[in-house]
Amino acid sequence: MRWRSALLAAMALSLAACGRGGEEPIPAIPDESLTQPPVAPEPVEITEGVSETRDALLKYAKAGSLGGLARTAAKSDGFISNFGGQPHRDFWDLLRRTGLDPNLKLRELLAQPAGVRTVDGERWYIWPDLAARDATDLIPEKMSFQDRKRLKELIGEDGIDLIRAGKGYPGMRTAIAEDGRWVYFVLGLDGED
């Protein structure tokens, strides 16, 4: 009978070890920021100089005037339209003849929200706003569904593959400095980072 008591005692100890032991697990509560609905970022307020330049660019682009765009680019010290060193108007004319209308693309870009980036102590207003983000912030899984959809529409799967490979925004973009100087209007296919 002694062995029976010993067996029952061993079983009781085993069951006690398997029990909850009185401590209830604490349910996981998500961080408060994860329980709030997403909030759209505040729109970027552009300066008067940027607004004037943007309006002039839109005027020329709507009129289909590559000459007007080229004159604006020539007035902007250090303006970049291509990485091959071609004159701006010649490059844009070549694009137009090959089926990519720079006037239409510029209008589409300037219809997007603007982003802001500080470059060498100067604020640049960049269209589309996604082009102003760091490469690490463009990884689709880190973005809202809306931004992820916009990114895919702008640069496609090939562009997203470039971002996943550590490249910056690979699509067409334009920028105007805070003082109203047009900085660039590039395709982005050459991998500017």
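Residues numbered from 1 in each chain as written. Predicted model: local features only at pLDDT ≥ 70, side-chain atom pairs only at ≥ 80, totals over all residues. Heavy atoms only, no water.

**So, helix 3 (residues 48-63)**
Consideration 1: Given a rise of 1.5 Å per residue, 16 residues ought to cover 22 Å, and the 23 Å separating the end C-alpha atoms of helix 3 matches this to within 8%.
Consideration 2: Looking at helix 3, one finds that the buried residues are Val50, Thr53, Leu57, Leu58, Tyr60 and Ala61. Along helix 3, the residues classed as buried sweep out an arc of 165 degrees about the axis, all on the same side. Across from the buried face of helix 3, at angles greater than 90 degrees, the exposed residues are Glu48, Glu52, Lys59, Lys62 and Ala63.
Consideration 3: Buried residues along helix 3 sit in contact with helix 4 (66-75), helix 6 (102-111), strand 2 (122-127), strand 3 (173-177) and strand 4 (182-186). (Helix = DSSP H or I, 4+ residues; strand = E, 2+ residues; numbered from the N terminus. Expected span 1.5 Å × (residues − 1). Buried < 20%, exposed > 50% of the residue type's maximum accessible area, 1.4 Å probe, protein only. Arc of directions from axis to C-beta. Contact = heavy atoms within 4.5 Å.)

**Some points on the side chain of Asp147**
Consideration 1: Locating Asp147 in the fold gives a position in helix 7 (residues 145-164).
Consideration 2: Not counting chain neighbours up to four residues away, the residues in contact with Asp147 comprise Leu130 and Arg133.

**Digging into unusual backbone geometry**
Consideration 1: Cis geometry is found at the peptide bond from Trp127 to Pro128, where omega equals -5 degrees.
Consideration 2: Relative to the helices and strands, Pro128 is located in the loop between strand 2 and helix 7.
Consideration 3: Positioned with a positive phi, Asp120 is a non-glycine residue whose angle comes to about 50 degrees.
Consideration 4: Its place among the elements puts Asp120 in the loop between strand 1 (115-119) and strand 2.

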